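# Descriptive analysis of the structure
Now for the letters of each chain:
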2 protein chains.
Amino acid sequence: MEDNKLQELAPTPLAPPSGGREGDSVHVFAPATVANVVCGFDVLGFAVDEPGDEVIMRVTNKPGITLSKITGDDGRLPLDPAKNTVSVSVQHYLQSVGRTDIGLDIELHKKMPIGSGLGSSSASTVAGLFAIKTLLGDNADPIKLLPFAMKGEEMACGHGHADNVAPALFGGFVLIRSYEPLDVVRLPHPKDLWCAIVFPDVDVPTREARQIIRKNIQMKDAVTQWGNIAGLVSGLFMQDIDLIGRSMKDVLVEPVRSMLIPDFYKMREMAMELGAVSFGISGSGPSVFAFTKDEATARAITQKLQQHLTGLKIGSNSYVSTINDAGPKVLG
Amino acid sequence: MEDNKLQELAPTPLAPPSGGREGDSVHVFAPATVANVVCGFDVLGFAVDEPGDEVIMRVTNKPGITLSKITGDDGRLPLDPAKNTVSVSVQHYLQSVGRTDIGLDIELHKKMPIGSGLGSSSASTVAGLFAIKTLLGDNADPIKLLPFAMKGEEMACGHGHADNVAPALFGGFVLIRSYEPLDVVRLPHPKDLWCAIVFPDVDVPTREARQIIRKNIQMKDAVTQWGNIAGLVSGLFMQDIDLIGRSMKDVLVEPVRSMLIPDFYKMREMAMELGAVSFGISGSGPSVFAFTKDEATARAITQKLQQHLTGLKIGSNSYVSTINDAGPKVLG
């Protein structure tokens, strides 16, 4: 996305926020997100309570951004502020609000696996943007931060998508109706909808996971898919968990991407037998997720799937939570 | 659709209704419907107050169905009960409920143009099914009639679709989430959403209008389309007419089918300039429709478009109504 495009997406000039004195600091958490949500490829996503990333940001006496520390990344992320998605998106924001005078030191604490399909880069970027917004006392609507977060996404995975950053930023369930112009709709959801996530520790890079998706599809499959997304959205508004479950079928993307995930269909069978409402790939994978009607079912599913992966000699992480409606939050 | 399939679609056996004495009669109206609704090809439809078709059904003393009269069809519809969609679907219903003992005489009064893209055959079929249900005192849920109505659709246009018959039968806005198994969802809508319909009197047969649609499409276009259908469904639930309008864009079907409609893009421009929320093709055309926020705007649009068509030496009909939530009704 070109910078002038970025300006279009944030058409109302951000008011120059005056906060941020030397020594001020803030500690922010931003949540992991599940994009696509099975039938909503590239347009749907939701946030969870855990995992998530944390940013500690301090105002320094020297203009410019330094990244003093990154933890939890096994040394995979760049400390060069020109190459890290957090500092790059914060820098774009500072330019937009006319506050390049400020100096910032950033610590990024990755609390979730990279390349997991859980919106790892989005969580970091949103944490950084929420931190600088908080430090400067910028009261603008969080939607104003979305174009800067998308800039970070473009850098992280070659594709300026919003289906992870938007739910990370707003919390809850989010529809990206359109990219040009950007049109984002917050969707309701049943309060008792639980999400069980399992990350099998295998490598599925986002770029490659996109490249294997077919560019040409059959109209009849597309009709099936949009019947299902319309059903899923209806189920969210109607608080009808069974309709949500019936609608979460993907005839286009899952058949291809599931090949990159160990025993995907076996894991789905296990989850459904244990009472899952639905089961699918989170984002581009390899993480998988199930919706359930209660916490106990969600925990039974993560336990069973992790045992199965252990049997395949594949390490894994798991997370259980309801949908996170808060988005990023200040920890201190 | 095979008959055994029909049984699957109506899995609960219909209770044998005992009504229908010789001489009983009923006069029923069933509404026209707008299918596809721009971005919801094959899965969305809604009913309007006018036009619609009427059926007068009388119980006779001789088992079997006769079609004694059809008006308003310019002689285009068959009086042979084995070839008319109304009698065929009623016959399937009678077989299903075990009432082939009954004798029926049917009059069909077409009050809307055939081949208009307004669900003409669906309105007739639903009127017939609602009439027999009423005569027999069958209190089953109207959804039990849907498979029989779809049987009529298959006969009328070679395709057992539900996006006209379902809204004609239930009224309101209807989503066909899935055909196998059949899963129908009633959607809410803003009360003040008005619909302006113009039927340009040119010939666009449904079969041919289906055949010109591309069988293979690009994934990126499908993503645009399902972002829009998700936006439209959200707008209906949120009573957000502007979101409804922004979402009603069709990058897949309209570009092809619009070629069969005289001055389609010119008419759209006129409608939008007069304040339409959205504009598109009704079903497979040639009828076009606009959503508006009030009756006056709807009437201004039909007047302007009809004037334009007159200038092209094309006759037309127009209809203005809110969305019909009642579905079929007994007139007497």
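Because the structure is a prediction, the values reported are computed rather than measured. (Residues numbered from 1 in each chain as written. Chains lettered and ligands numbered in written order. Predicted model: local features only at pLDDT ≥ 70, side-chain atom pairs only at ≥ 80, totals over all residues. Heavy atoms only, no water.)

### Observations concerning the relation of the copies chain A and chain B
Structural alignment of chain A on chain B gives an RMSD of 0.0 Å, achieved by rotating through 180° and translating 0.0 Å along the axis. Given the turn and translation reported, the copies of this chain are related as if by a two-fold rotation axis. Same-surface contact between copies: 100% of interface residues of chain A are shared with the interface of chain B. (Least-squares fit on C-alpha atoms with pLDDT ≥ 70 in both. Contact = heavy atoms within 4.5 Å.)

### Looking at the sheet that holds strand β7 (residues 194–200) of chain A
Across a sheet, paired strands are connected by hydrogen bonds in the backbone, their directions being either parallel or antiparallel. Residues and elements named next belong to chain A. Taken together, the four strands give an open sheet; going across it, the order is β9-β10-β7-β11, and neighbouring strands pair in antiparallel fashion. Looking at strand neighbours, the two that pair on one side only are β9 (278–281) and β11 (316–322), the edges of this open sheet. Along the sheet, successive strands turn relative to each other by an average axial angle of 15°, direction set aside. For β9 and strand β10 (residues 288–292), the ladder comprises four bridges, and the chain directions are antiparallel. Within the sheet, the bridge partner assigned to Ile-281 lies in β10 and is Val-288. Strands in contact with helix α10 (residues 264–273) are β9 and β10; relative to β9, the strand with the most contacts, it is inclined by about 155°. The strands touched by helix α11 (residues 295–311) are β7, β9, β10 and β11; relative to β7, the strand with the most contacts, the crossing angle is about 10°. (Pairing = 2+ DSSP bridges. Helix = DSSP H or I, 4+ residues; strand = E, 2+ residues; numbered from the N terminus. Axes fitted to C-alpha atoms, helices over the stretch in contact; angles between N-to-C directions.)

### Some details on the interface of chain A and chain B
Each partner contributes residues to the interface: chain A has 36 residues there, and chain B has 36 residues. The junction of chain A with chain B conceals about 2,800 Å² of combined surface from both sides, 70% of it contributed by carbon and sulfur atoms. Together, Arg-177, Met-219 and Trp-226 of chain A form the three largest contributors to the area buried by chain A at its contact with chain B, with a combined 28%. Between chain A and chain B we count two salt bridges in total. Measuring nitrogen to oxygen at the nearest pair gives 2.7 Å for the salt bridge that ties Arg-246 of chain A to Asp-183 of chain B. Inspection of the chain A/chain B interface yields eleven residue pairs in polar contact (both at pLDDT 80 or more). Among the secondary structure elements, those contributing two or more residues to the side of chain A that touches chain B are β5 (173–178), β6 (183–187), β8 (216–218), α7 (219–238) and α8 (241–247) of chain A. Per-element tally for the side of chain A that touches chain B: the top contributor is α7 of chain A, with 14 residues. When its residues are assigned to classes, the side of chain A that touches chain B shows 20 nonpolar, nine polar and seven charged. Pairing analysis gives three bridges linking β8 of chain A to strand β8 (residues 216–218) of chain B, with the strands arranged antiparallel. (Buried area = accessible area lost by both parts, 1.4 Å probe. Salt bridge = Lys/Arg side-chain N within 4 Å of Asp/Glu carboxyl O. Polar contact = N/O pair within 3.5 Å; in protein donor to acceptor, adjacent residues only side chain to side chain. Nonpolar A, V, L, I, M, F, W, Y, C, P; charged D, E, K, R; others polar.)

### With respect to helix α2 (residues 85–97) of chain B
Residues and elements named next belong to chain B. Taking 1.5 Å per residue as the helical rise, α2 with its 13 residues ought to reach 18 Å, and the 18 Å between its terminal C-alpha atoms agrees with that figure. With ten of 13 residues buried, α2 is to be regarded as a mostly interior element. Of the positions making up α2, those classed as buried are Thr-85, Val-86, Ser-87, Val-88, Ser-89, Val-90, His-92, Tyr-93, Leu-94 and Val-97. Downstream of α2 by one or two residues, Gly-98 has phi in the positive range, about 70°. (Expected span 1.5 Å × (residues − 1). Buried < 20%, exposed > 50% of the residue type's maximum accessible area, 1.4 Å probe, protein only.)

### Quick look at the environment of Phe-41 of chain A
Relative to the helices and strands, Phe-41 of chain A resides in the loop between β1 (25–35) and β2 (44–60). Residue Phe-41 of chain A is classed as buried on the basis of its relative accessible area, which comes to 4%. Taking the C-alpha atoms as reference, Phe-41 of chain A lies 26 Å from Arg-299 of chain A; in sequence the two are 258 residues apart. Aside from chain neighbours lying at most four places away, what touches Phe-41 of chain A is Asn-36, Arg-210, Ile-213, Val-253 and Arg-257 of chain A together with Met-219, Val-223 and Trp-226 of chain B.

### Side note on the UniProt feature "binding site: ATP" (unreviewed entry) in chain A
Residues and elements named next belong to chain A. Per the UniProt entry, the sites bearing "binding site: ATP" (unreviewed entry) are Pro-113, Ile-114, Gly-115, Ser-116, Gly-117, Leu-118, Gly-119, Ser-120, Ser-121, Ser-122 and Ala-123 in this numbering. Here Gly-115 shows up in the loop between β4 (103–109) and α3 (120–136). You can call Gly-115 partly exposed: its relative accessible area is 29%. Ignoring sequence-local partners within four residues, the contact set of Gly-115 consists of Phe-199, Val-204, Gly-285 and Pro-286. Residue position: Ser-120 is located in helix α3. Assessed through its relative accessible area of 8%, Ser-120 is described here as buried. Contacts of Ser-120, omitting those with residues within four sequence positions, involve Asp-53, Lys-110, Met-112, Pro-113 and Ile-114. (UniProt positions renumbered as here; feature names shortened; annotations may be inferred.)

### Thoughts on the UniProt feature "domain: GHMP kinase C-terminal" (unreviewed entry) in chain A
Within this numbering scheme, the UniProt entry marks residues 239–309 of chain A as carrying the feature "domain: GHMP kinase C-terminal" (unreviewed entry). Counting secondary structure, residues 239–309 of chain A comes out at 51% helix and 13% strand; the distance between its end C-alpha atoms is 33 Å.

### A few points about the pattern of salt bridges
Where charged atoms of side chains with opposite charge meet at close range, the side chains can pair. Residues and elements named next belong to chain B. On inspection of all chains with the given rule, the structure shows 22 salt bridges over all chains. A salt bridge links Arg-268 to Glu-254, with the shortest nitrogen-to-oxygen separation between them at 2.6 Å. One end of the pair, Arg-268, is in helix α10 (residues 264–273); the other, Glu-254, is in helix α9 (residues 254–257), and 14 residues separate them in sequence. Note on Glu-254: relative accessible area 5%, which makes it buried.

### Some remarks on the sheet that holds strand β10 (residues 288–292) of chain B
All names here are of chain B. Strand order across the open sheet formed by four strands is β9-β10-β7-β11, with antiparallel pairing between neighbours. Across the chains shown, the open sheet's two edge strands, defined by having one partner strand only, are β9 (278–281) and β11 (316–322). Direction aside, the axes of adjacent strands within the sheet are offset by 15° on average. Sheet strands touched by helix α11 (residues 295–311): β7 (194–200), β9, β10 and β11. Its angle to β7, the strand with the most contacts, is close to 10°.

### Comments concerning the nonpolar core
In terms of nonpolar packing, the biggest core is built from 86 residues, with Trp-226 and Phe-291 of chain A together with Trp-226 and Phe-291 of chain B touching the most fellow members. If we skip the residues at most four places from it in the chain, Phe-291 of chain A touches Val-37, Phe-46, Phe-173, Leu-193, Trp-194, Cys-195, Ile-244, Met-248, Ala-276, Val-277, Ser-278 and Ile-323 of chain A. (Core = buried A, V, L, I, M, F, W, Y, C linked by side-chain atoms within 4.5 Å.)

### Re the side chain of Glu-107 of chain B
All names here are of chain B. Checked against the element boundaries, Glu-107 lands in strand β4 (residues 103–109). Looking at Glu-107, its side chain comes within polar contact range of the side chain of Arg-58, at 3.2 Å. A distance of 2.8 Å separates the side chain of Glu-107 from the side chain of His-109, its partner in a polar contact. Other than its neighbours up to four places away in sequence, Glu-107 contacts Glu-54, Val-55, Ile-56, Arg-58, Ser-68 and Lys-69.

### Some points on α3 of chain A
Because an α-helix completes one turn every 3.6 residues, residues spaced three or four positions apart along the sequence face the same direction. Residues and elements named next belong to chain A. Across its 17 residues, α3 extends 25 Å between first and last C-alpha, which sits within 8% of the 24 Å expected from 1.5 Å per residue. In terms of burial, α3 is a largely internal element, 15 of the 17 residues being buried. Phi for Gly-137, located one or two positions after α3, is positive at around 65°.

### Brief notes about the domain arrangement of chain A
Residue and element names in this part refer to chain A. By domain assignment, chain A separates into domain 1 (3–186 + 325–330) and domain 2 (194–322). With centres defined by C-alpha atoms, the gap from domain 1 to domain 2 works out at 25 Å. With both sides pooled, the region where domain 1 packs onto domain 2 buries about 2,500 Å², and carbon together with sulfur makes up 65% of that total. Looking at the side of domain 1 facing domain 2, the largest losses of area belong to Val-38, Cys-39 and Phe-41, adding up to 27% of the total buried there. At the boundary of domain 1 with domain 2, the tally comes to zero salt bridges. With six residues, the top contributor of residues to the side of domain 1 that touches domain 2 is β2. Counted by class, the side of domain 1 that touches domain 2 contains 17 nonpolar, nine polar and three charged residues. (Domains from an automatic or database assignment.)

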